[in-house]
Amino acid sequence: MLKHLLHGSIRKKLAILFLASALPAFAVIFLYGLQSRSESIARSENELLRFAAHVADIQETTTLSIRILLENLAMLPDIRDGHAAACKQVLDRALKTNPNISAITLADPDGRVIATTRPQAVANLSGSKHFRDAVATGKFASGEFFIGRLAPIPLFPFACPVLDDAGHVRGVLLASIPLESFSTLFNTMELPPDSFIGGCDHAGIRIFRYPSASPGPVGEPIRRPMFQAAAAGGVEGIKTDSGTDGIERIVAFRNVRLDPDGPAYMTIFIGAPKTIVHANAQREMVRNLGIFLLAMAMTLISGWFFGGKRLGRKLEELADASGRFGQGDLAARVEPDPDVTEIATLTSAFNDMAASLSREIEGMKRTEEALRLSQERLALALDATSDAIWDWDLENNQVYFSPRYATMLGYTPDDFPPALVTWEGLLHPDDRENAKRIVADHIERGEPFTLEFRLKTNDGRWRWVMGRGNVVSRNASGKPTRLIGTHVDIHDRKQMELELLNAKEAAVAANQAKSEFLANMSHEIRTPLNGIMGMLQLLEAEVRDSEQQKFCALALQSTNRLTRLLSDILDLSRIEAGKMEIRQEPFDFRGMLQQTIDLFMPISVQSQVALQLHVDPAVPSNVKGDPLRLQQVLTNLLGNAFKFTRHGRVAVEVYPLPSRNENDTRIFFTVSDTGCGISEESLRNLFQPFTQAAQGYARNHQGAGLGLTICKNLVTLMGGSIAVESEVGTGTNFHFCVTLGSLPKALAARAQTDTPQQAQATGRVLLAEDDEVTHFSVRRMLENKGYSVTSARNGQEALNRLRHEDFDTVLMDVQMPVMDGLEATRLIRASHDLGPKRNIPVVALTAYAMPGDRERFLQAGMNAYLAKPVSIAELTSTLDKFMRGGA
């Protein structure tokens, strides 16, 4: 029987197939009904969200148009110059072309009104939020809801800064939109009973509500739960809330922002009663189920009576219409077939979609046309407010000035004095001859010119103007007959240049005062410090008790630490002043390294931290550079390494690097330790002055935080760079490279064979020093070393001693009574009475250690320079060089 049932035409088989296909659907009808109800509620919520987004888009479009208008106005010269009358005209024209704005106002940065379209201007606007935000950020800003004074309607304000060429705020443009336009927009809409459309500002104040008879007056805060949900809900969201009238509603909200990442300045709310939404969902569920059953019945009937012929034909019509619509035929439609429900639904949906797309395309065309018209109006506005234009007829000496020329000088075009039409009559007396000469010279040569001068304004003041001109016509003999050009107001720029010049002079004066203060403080600290250090060195040499010797050694360590701190401060001052010089002299590179290592060997033995040195064999032994500054960098890094390392090792590694040219030698250094390491946070500021890895009162290590700053600057001055890598608890690696000079092979070989001679143990020294403690300590230290010392208390006394006695060297203080050390040295060098003694070595022993002091003393005729406080080793080393005939 089943075989007989399936036997027959294709229409019969199709109908049976449709019937068989429909049977499983009946099993899920009830499930579909429940699902359709949930989907209906979700669609209703989505509709609320889409409607809120639509209202927000309207507001954003309105805000964007205001923003474009205000930003374009802010670029106009009239607005930037702040001339009240000209600004008033510009604002009035802008308001006429933008009727959706209630008023436009221009205020200065202090909130005082310059020009406005309001009949009554507010005295000061600096207290409003949008004004403050625009001044503080220099960007377009929104304000807070308020009620208009002249017309009691709700308004929402915006502000746009007027910036000069340097980006400084010169004024603020303010505009507001009436919020009653929302009510006009919603009057044509039919909302479900007890539904509402509302909005609030960034503080949660209700700025509009439709219908207006709904609970909650404008200007009062909205319900706190709704505002909190909107503030924390991102761009948009849904919340169920019971209003003040007790009706539970499903409320969709949408936040409106000026910038995608900025805060919301307005929130749109759309609310519908929850009972209506659920009732609609219930009806839609029943309707959908009915439609489904009806569609199933019609499908069976059409399948039985019509087969697939009409179905196929309609599908082909739909495909053809879709193709034509895609090719641009916006009128393509499909005739619905009421006999087949699914086809009718499909064709209706297609027709609705095509109609909707057609409307959107037409709307886009209208928007493009409106944008074109707006751009044309903007171009006209810019043309009307351009720079002053002049046209000079050289044959009859008549000059035409555009209206902008009059307004630039504080006149109206109608009130511009005829007697002052020519620019010569307005020129400042100090600029007149020079300006006329330059213009005449350029006219004669037929070249364009640009010059700056001052013109007299309507109120009798002088305003800086930049004039440009060019010859545009000549007569038959080639003589210029006509010039055209522009005048641009540059008064604000000139004022800014003057302010910058004054600021620069003040900065130079402050820097000079700082240098003088540092020089004085350095001198006053070094003099007593030298006495303390000298007396401690004498005491250390005299005492025999080990504990007392330890006391002396600890005191000397403190004085050395204070001296290093003072030297670091002065080095930093030299670097900041750009007076730090890197010498270029031949030296034994490997010997310098070994001296540095030897300096830290006692610390290594005492702390039981191994000190290692590895020098690549390819590193040259003799180079040209500044060994003292290079040793200062290594000493700082090694001192820090031992300071922060309790166990393990400290290592110095030296390798050659490829050089950029054959006259350079680039060397790479690594100073590593196994100490406590440096945290990631401290690494970021490690090379900043007065910065240490450990902060606060619980520091384990002392220091002022200048060493690494100086190291970085010294390495930079030596043509290199420095970097650090560290891990807390593991250790720290400092890497730096420097560029040194290469020595010729002959000079390098000679440097390797040069060996220092033994120092002379005795000699006659003339000590010129007025400080009693320094005089006593230096004299006693020299006598203990075997020198014969003769004293002088000032430069005049030293000069007299030298005339009557013979000496090998002079130790000369700089600051002394009667005659200072510099003057005494000049007189010694220039004296013919002294004979050969005028060439005696003079060593400066002084507390002056500021940038340039050493060079100044050497230029005065001194042979060497020692800065107080001085150690006995440094003092005797310097004297020994001169005793054995060194320079």
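Residues numbered from 1 in each chain as written. Predicted model: local features only at pLDDT ≥ 70, side-chain atom pairs only at ≥ 80, totals over all residues. Heavy atoms only, no water.

Chemist: Explain the overall build of the protein residue by residue, including any values.
Modeler: Check the secondary structure of the protein and you find 25 helices and 28 strands. Across the 887 residues of the protein, 41% fall into the buried class. As presented, the protein carries roughly 47600 Å² of accessible surface, and 55% of it is formed by carbon and sulfur atoms. (Helix = DSSP H or I, 4+ residues; strand = E, 2+ residues; numbered from the N terminus. Buried < 20%, exposed > 50% of the residue type's maximum accessible area, 1.4 Å probe, protein only. Areas by Shrake-Rupley, 256 points an atom, 1.4 Å probe, with all protein chains shown as cover.)

Chemist: Which residues make up the confidence of the model for the protein, and what are the values?
Modeler: Low-confidence regions, as indicated by low pLDDT, have predicted coordinates that should not be scrutinised in detail. Taken residue by residue, the protein gives an average pLDDT of 78. The fraction at 70 or more is 76%. Averaged over each element, pLDDT in the protein is lowest for helix α20 (residues 745–753) (51) and highest for strand β20 (residues 649–657) (94). Considering only residues more than four positions removed or in separate chains, one finds that residues 378–383, a stretch of pLDDT under 50, has two contacts. In this model, residues 693–704 is a region of pLDDT below 50 whose contacts with residues beyond four sequence positions or in other chains number 16 contacts. (pLDDT = per-residue confidence, 0-100. Contact = heavy atoms within 4.5 Å.)

Chemist: If you had to explain the sheet that holds strand β25 (residues 788–792) to someone new, which residues and values would you point to?
Modeler: Overall, parallel pairing links the five strands, which are arranged β25-β24-β26-β27-β28 in an open sheet. Two strands bound the open sheet, and with one partner strand each, they are β25 and β28 (864–867). Taking each pair of neighbouring strands and ignoring which way they run, the sheet shows an average axis angle of 20 degrees. Bridge analysis of strand β27 (residues 842–846) against β28 gives four bridges, and the strand direction is parallel. Opposite Thr846, over in β28, you have Ala867 as the bridge partner. This element, helix α22 (residues 795–804), spans β24 (764–768) and β25 of the sheet and lies at about 135 degrees to β25. (Pairing = 2+ DSSP bridges. Axes fitted to C-alpha atoms, helices over the stretch in contact; angles between N-to-C directions.)

Chemist: Any details on the sheet that holds strand β10 (residues 248–257)? Residues and values, ideally.
Modeler: Taken together, five strands build an open sheet; the order of strands is β8-β7-β11-β10-β9 and the sheet is antiparallel. Sheet topology places β8 (206–210) and β9 (236–242) at the edges, where each strand pairs with a single neighbour. Strand-to-strand twist across the sheet, computed as the mean angle between neighbouring axes with direction ignored, equals 20 degrees. Here nine bridges tie β10 to strand β11 (residues 264–273), and the two strands are oriented antiparallel to one another.

Chemist: I'd like a rundown of unusual backbone geometry, residues and numbers included.
Modeler: Located in the positive-phi region is Gln608, a residue other than glycine, with phi close to 60 degrees. Within the fold, Gln608 resides in the loop between α16 (589–607) and β18 (610–615). With phi around 65 degrees, Val818 is a residue other than glycine that occupies positive phi space. Structurally, Val818 can be placed in the loop between β26 (809–812) and α23 (821–830).

Chemist: Describe the packing of α16 against helix α17 (residues 627–643), naming the residues involved and giving the relevant values.
Modeler: At a closest axis distance of 10 Å, the pairing of α16 and α17 adopts a crossing angle of 25 degrees. The angle between α16 and α17 falls in the class roughly parallel. Pair α16 / α17 crosses with right-handed handedness. When α16 is examined against α17, the residues Phe589, Met592, Leu593, Gln595, Thr596, Leu599, Phe600, Ile603, Ser604 and Ser607 are found in contact with a partner set consisting of Pro627, Leu630, Gln631, Leu634, Thr635, Leu638, Gly639 and Phe642. Grouping the amino acids of the contact of α16 with α17 by side-chain chemistry returns eleven nonpolar, seven polar and no charged. (Parallel < 35°, antiparallel > 145°, perpendicular 65-115°, else oblique. Left-handed = near helix turned anticlockwise from the far one by under 90°. Nonpolar A, V, L, I, M, F, W, Y, C, P; charged D, E, K, R; others polar.)

Chemist: Tell me what's going on with the pattern of salt bridges, and back it up with residues and numbers.
Modeler: Inspection of every chain in the model, using the stated rule, returns 27 salt bridges. As a salt-bridge pair, Lys88 and Asp92 come within 2.8 Å of each other at their nearest N and O atoms. Taken together, the residues span about one helical turn, with Lys88 and Asp92 both in helix α5 (residues 84–96) at a distance of four residues. Judged by its relative accessible area of 31%, Lys88 is partly exposed. Three or more residues are tied together by salt bridges with common partners; here these are Glu452, Arg493, Lys494 and Glu497. (Salt bridge = Lys/Arg side-chain N within 4 Å of Asp/Glu carboxyl O.)

Chemist: Now, about α5: what can you tell me, with residues and values included?
Modeler: Under the 1.5 Å per step criterion, the end-to-end length of α5 is 18 Å for 13 residues, consistent within 8% with the ideal 18 Å. When we look at burial in α5, the residues that qualify are Ala86, Cys87, Val90, Leu91, Ala94 and Leu95. Buried residues of α5, seen end-on, are gathered within an arc of 165 degrees and therefore sit on one face of the element. Those residues of α5 that are exposed and aimed more than 90 degrees away from the buried face are Ala85, Gln89 and Lys96. (Expected span 1.5 Å × (residues − 1). Arc of directions from axis to C-beta.)

Chemist: Any details on the nonpolar core? Residues and values, ideally.
Modeler: Within the largest apolar cluster, 47 residues are counted, with the highest numbers of intra-cluster contacts made by Leu70, Leu73, Ile79, Ile104 and Leu173. Take this core: its biggest share by element is eleven residues, from helix α3 (residues 29–74). In terms of nonpolar packing, the next biggest core, distinct from the first, is built from 38 residues, Leu611, Val633, Val652 and Val654 among them. (Core = buried A, V, L, I, M, F, W, Y, C linked by side-chain atoms within 4.5 Å.)

Chemist: Explain the packing of aromatic side chains to me, using residue names and the numbers behind them.
Modeler: Within the structure shown, the criterion is met by eight aromatic pairs. Geometrically, the ring pair formed by Phe600 and Phe642 is stacked, given 5.9 Å between the ring centres and 5 degrees between the ring planes. Residue Phe600 is located in helix α16, and its partner Phe642 is located in helix α17; the two are separated by 42 residues in the primary sequence. No difference in accessibility class separates Phe600 from Phe642, as the two residues are buried. An aromatic cluster is built from Phe140, Phe156, Phe158 and Tyr265, whose rings are joined through pairwise contacts. Above the ring of Phe196, the side-chain terminus of Arg209 is found at 4.2 Å from the ring centroid. (Phe/Tyr/Trp six-rings, centres within 6.5 Å; stacked < 30°, edge-to-face > 60°. Lys NZ or Arg CZ within 6 Å of the ring centre and 35° of its normal.)

Chemist: I'd like to hear about the environment of Leu357, residue by residue, with values.
Modeler: Structurally, the position occupied by Leu357 is in helix α11 (residues 341–384). Leu357 sits 27 residues away from Leu330 along the chain, and the two C-alpha atoms are 8.3 Å apart.

Chemist: Requested: an account of the side chain of Asn255, with residues and values cited.
Modeler: Secondary-structure assignment places Asn255 in strand β10. Separated by 3.0 Å, the side chain of Asn255 and the backbone oxygen of Ala230 make a polar contact. With residues up to four places along the chain from it excluded, the contact list for Asn255 reads Ala230, Gly234, Val235, Ala264, Met266 and Thr267. (Polar contact = N/O pair within 3.5 Å; in protein donor to acceptor, adjacent residues only side chain to side chain.)

Chemist: Help me get a handle on the pairing of strand β14 (residues 449–456), residues and values and all.
Modeler: Residues Phe449, Leu451, Phe453 and Leu455 of β14 are buried on one face, while the alternating residues Thr450, Glu452, Arg454 and Lys456, pointing to the opposite face, are not. Examined bridge by bridge, β14 and strand β15 (residues 462–474) share eight bridges and lie antiparallel to one another. If you follow Phe453 over to β15, its bridge partner there is Val465. The turn linking β14 back onto β15 is made up of five residues, and Gly460 within it adopts a positive phi angle of 85 degrees.

Chemist: Got a sec to walk through the environment of Leu714? Specific residues and values, please.
Modeler: Note that Leu714 resides in helix α19 (residues 707–717). Overall, the relative accessible area of 0% leaves Leu714 in the buried class. As a C-alpha pair, Leu714 and Leu630 span 84 residues in sequence and 7.9 Å in three-dimensional space.

Chemist: Account for helix α25 (residues 872–883), naming residues and giving values.
Modeler: Three- or four-residue spacings in an α-helix give side chains the same orientation, since the helix completes a turn every 3.6 residues. Over its twelve residues, α25 runs 16 Å from end to end, which matches the ideal 16 Å to within 8%, given 1.5 Å per residue. Listing the buried residues of α25 in full gives Ile872, Leu875, Thr876, Thr878, Leu879, Asp880, Phe882 and Met883.

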